[in-house]
Amino acid sequence: MPARVQRLAWRDIPLEEIGLPKAKLSLTLGLGSGLSVRGGRLFAATDRGPNIFVSEAVGRYGLDHLGNLRGVHGAKVLPRPDEGAEIAELLVEAGEVKLVSRTPLRTRPGRRLSGRSLPEDEAEPLFDLQGGLLAPDALGADTEAIAAMPGGGFFLAEEYGPSLLKVDAGGVVSERWVAAGMERALAHTDLVVRGVLPARARRRQANRGFEALCASGDGAWLYVGFQSALEGEDERSVPVWKLDARTGALAAEYFYPFDDPLTFRRDAGRRKLDTADLKICEFVWAGNERLIVLERIAYTSKIYAVSLAQPLAKQLLLSSDDFPEIGPDMEGLAMLSPRELLLVSDNDFGVEGAQTEFWRISFDEPIA
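These numbers were taken from a predicted model, which means no experiment stands behind them. (Residues numbered from 1 in each chain as written. Predicted model: local features only at pLDDT ≥ 70, side-chain atom pairs only at ≥ 80, totals over all residues. Heavy atoms only, no water.)

Chemist: What exactly am I supposed to notice about the side chain of Asp346 here?
Modeler: Note that Asp346 resides in the loop between strand 25 (340–345) and strand 26 (358–363). Here Asp346 occupies a buried position and makes no salt bridge, while the nearest side chain of opposite charge, Arg296, is found at 6.4 Å. Of note is the side chain of Asp346, whose polar atom sits 2.9 Å from the backbone nitrogen of Asp348. The residues touching Asp346, leaving out its near neighbours within four places in the chain, are Gly32, Ser33, Asp47, Asp329 and Glu331. (Helix = DSSP H or I, 4+ residues; strand = E, 2+ residues; numbered from the N terminus. Buried < 20%, exposed > 50% of the residue type's maximum accessible area, 1.4 Å probe, protein only. Lys, Arg positive; Asp, Glu negative; His and termini not counted. Salt bridge = Lys/Arg side-chain N within 4 Å of Asp/Glu carboxyl O. Polar contact = N/O pair within 3.5 Å; in protein donor to acceptor, adjacent residues only side chain to side chain. Contact = heavy atoms within 4.5 Å.)

Laid out in structure tokens, this is it:
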């Protein structure tokens with residue numbers, strides 16, 4: 001389908017500057033993990049907060065004392081582990097995106113959700129800047145997607161558990177929906193934890209949990225997708241669950257088929273690829289059991305219109321290979337109008353100097 005793209009003006013929001021031996025760590029707000037629209041208002045979700053690969057911490061920032069962590073599988077460094085996810089309201093005005101407000105996720109008593117890993121999760125050891133192992137936190141969350149519910153409030157999908165967070169308009173998290181059997185491990189006095197999701201969710205790959213989420217137009221259903229296939233399942237497809245938004249009960253399961261890795265041309269031109277590199281990053285509700293899906297590796301992003309009728313059918317709306325001006329790491333997607341989408345990158349809080357990119361994508365015909 002013919003499309004036009006326009007980069008919208010945006011200036012990243014400074015958070016903190018940390019002086020380190022080799023370079024200054026200039027952190028900026030990373031709000032590209034997920035987007036959602038409600039009544040003309042645009043909302044974005046951040047993830048767990050800035051995190052740094054050990055090799056980057058040593059090579060770019062001179063934290064040589066972390067060198068002994070190179071052999072720790074999956075290890076990352078969190079400069080701000082106790083300042084976790086938040087919701088940002090944004091305004092798209094002409095050719096510019098503006099920040100309206102920021103709302104940290106908190107429990108009802110006021111404790112902020114952290115970026116720390118959850119208890120019993122040993123797949124990704126997390127450390128502070130001094131090299132100390134960060135203790136797990138039952139209020140930890142790595143949020144990757146947001147659904148603004150039509151009656152107010154939000155659901156956020158996070159990939160640690162993986163789990164779904166039920167959040168009110170003020171950022172208060174009232175419930176956490178987890179896989180059956182995980183309730184006791186993640187119990188917390190500040191938060192209701194409900195084991196209502198299929199137990200298979202526990203087989204998510206490390207750092208590949210829930211990544212995509214949207215709600216039906218009436219708010220009755222949630223559509224949630226894993227970033228990649230579950231452990232032990234076919235890597236060429238990824239589960240998509242339709243859940244009752246009141247109870248979390250599974251109503252239907254679909255399997256989204258990945259494209260051949262070699263069709264992600266910009267990535268294929270940089271290194272050897274296989275199915276493990278493929279990711280689902282975002283869902284947008286398009287009406288009548290149809291979703292808009294963001295599928296990507298790193299440099300190539302594809303946007304599909306998907307009918308969930310069996311067999312599942314995909315129609316390519318856009319490949320960023322045809323628009324080389326669109327940068328890597330696109331993660332958030334929202335519908336501005338039946339003919340317009342908004343695409344945003346995850347700048348990873350600026351730890352490697354990346355800047356957030358917002359792109360308006362316009363079509364000649366309605367896509368929803």
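Once the structure has been displayed, the description carries forward.
Chemist: Hey, could you run me through the nonpolar core in this one?
Modeler: Here is a general trend for soluble globular proteins: nonpolar side chains tend to be buried in one another's company. Ranked by size, the top nonpolar core spans 50 residues in total, and within it Leu164, Phe210, Leu213, Leu222, Tyr256, Ile280 and Phe283 carry the most contacts. Among the elements that make up this core, the one with the highest residue count is strand 16 (residues 210–215) (5 residues). What Leu213 contacts, discounting residues up to four positions off in sequence, is Ala145, Ile146, Ala147, Phe155, Leu156, Ala157, Leu164, Leu222, Tyr223, Val224, Glu282 and Phe283. Counting residues in hydrophobic clusters, the runner-up holds 21 residues, among them Ala3, Cys281, Leu317 and Ile367. (Core = buried A, V, L, I, M, F, W, Y, C linked by side-chain atoms within 4.5 Å.)

Chemist: So what exactly am I meant to see when it comes to the pairing of strand 20 (residues 279–285) here?
Modeler: Side chains on a regular strand alternate between the two faces of the sheet. Taken across its 7 residues, strand 20 has 6 buried, putting it largely inside the fold. Summarising the sheet, strand 20 and strand 21 (residues 290–296) pair through 6 bridges and their orientation is antiparallel. Residue pairing in the sheet places Phe283 in a bridge with Val293 of strand 21. Hairpin remark: strand 20 followed by strand 21, antiparallel, with 4 residues in the connecting loop; positive phi at Gly287, about 90 degrees. (Pairing = 2+ DSSP bridges.)

Chemist: Can you help me understand the sheet that holds strand 24 (residues 330–337) in this one?
Modeler: Paired through their backbone hydrogen bonds, the strands of a sheet run either parallel or antiparallel. Across the sheet, which stays open at both edges, the 4 strands sit in the order 1-26-25-24 with antiparallel pairing between neighbours. Only two strands of the sheet have a single partner each, and these edge strands are strand 1 (3–8) and strand 24. In this sheet, adjacent strand axes meet at a mean angle of 25 degrees when their direction is disregarded. With 6 bridges connecting them, strand 1 and strand 26 associate as antiparallel partners. Pairing of Arg4 across the sheet is with Ser362, part of strand 26. (Axes fitted to C-alpha atoms, helices over the stretch in contact; angles between N-to-C directions.)

Chemist: Looking at this structure, I do not really get the sheet that holds strand 8 (residues 86–93). What am I missing?
Modeler: Strands sit in the order 4-5-8-9 across an open sheet of 4 strands; the sheet is antiparallel. A strand with exactly one partner marks an edge of an open sheet, and here the two such strands are strand 4 (34–38) and strand 9 (96–104). Pairwise comparison of adjacent strand axes, ignoring direction, gives a mean angle of 30 degrees for this sheet. Pairing of strand 8 with strand 9, which is carried by 8 bridges, proceeds in the antiparallel orientation. Along strand 9, the bridge assignment pairs Glu93 with Glu96.

Chemist: Even after reading the chapter, I still don't get the pattern of salt bridges, so can you show me in this structure?
Modeler: Opposite charge on two side chains permits them to pair, given that their charged atoms come into close proximity. Across all of its chains, the model carries 31 salt bridges by this definition. In this structure, Arg112 and Glu86 form a salt bridge, with 3.4 Å as the shortest nitrogen-oxygen distance. Of this pair, Arg112 sits in the loop between strand 9 and strand 10 (126–127) while Glu86 sits in strand 8; the two residues are 26 residues apart in sequence, bridging distant segments of the chain. Linked by salt bridges that have partners in common, Arg48, Lys76, Glu124 and Asp142 make up one network.

Chemist: Just checking my understanding: could you explain the side chain of Thr28 for this structure?
Modeler: The topology assignment puts Thr28 in strand 3 (residues 24–28). Beyond its immediate stretch of four places on either side in the chain, Thr28 contacts Asp12, Ile13, Pro14, Leu15, Asn347, Phe349 and Gly350.

Chemist: Mind showing me how you'd approach the state of the cysteines here?
Modeler: Should the sulfur atoms of two cysteines be covalently bonded, the bond is a disulfide. Scanning the model with the defined rule gives 0 disulfides in all. Cys281 provides the cysteine sulfur closest to Cys214, a residue in no disulfide bond, and the two sulfurs are 14 Å apart. (Disulfide = S-S within 2.5 Å.)

Chemist: Can you walk me through the environment of Arg200 in this structure?
Modeler: Topologically, Arg200 is positioned in the loop between strand 15 (192–197) and strand 16. The class for Arg200 is partly exposed, based on a relative accessible area of 23%. Counting along the chain gives 178 residues from Arg200 to Lys22, while the straight-line C-alpha distance between them is 44 Å. Residue contacts for Arg200: discarding those within four places in its chain leaves Leu230, Glu233, Pro239, Trp241, Glu253 and Phe255.

All quantities given are derived from atomic positions and should not be read as evidence of function.
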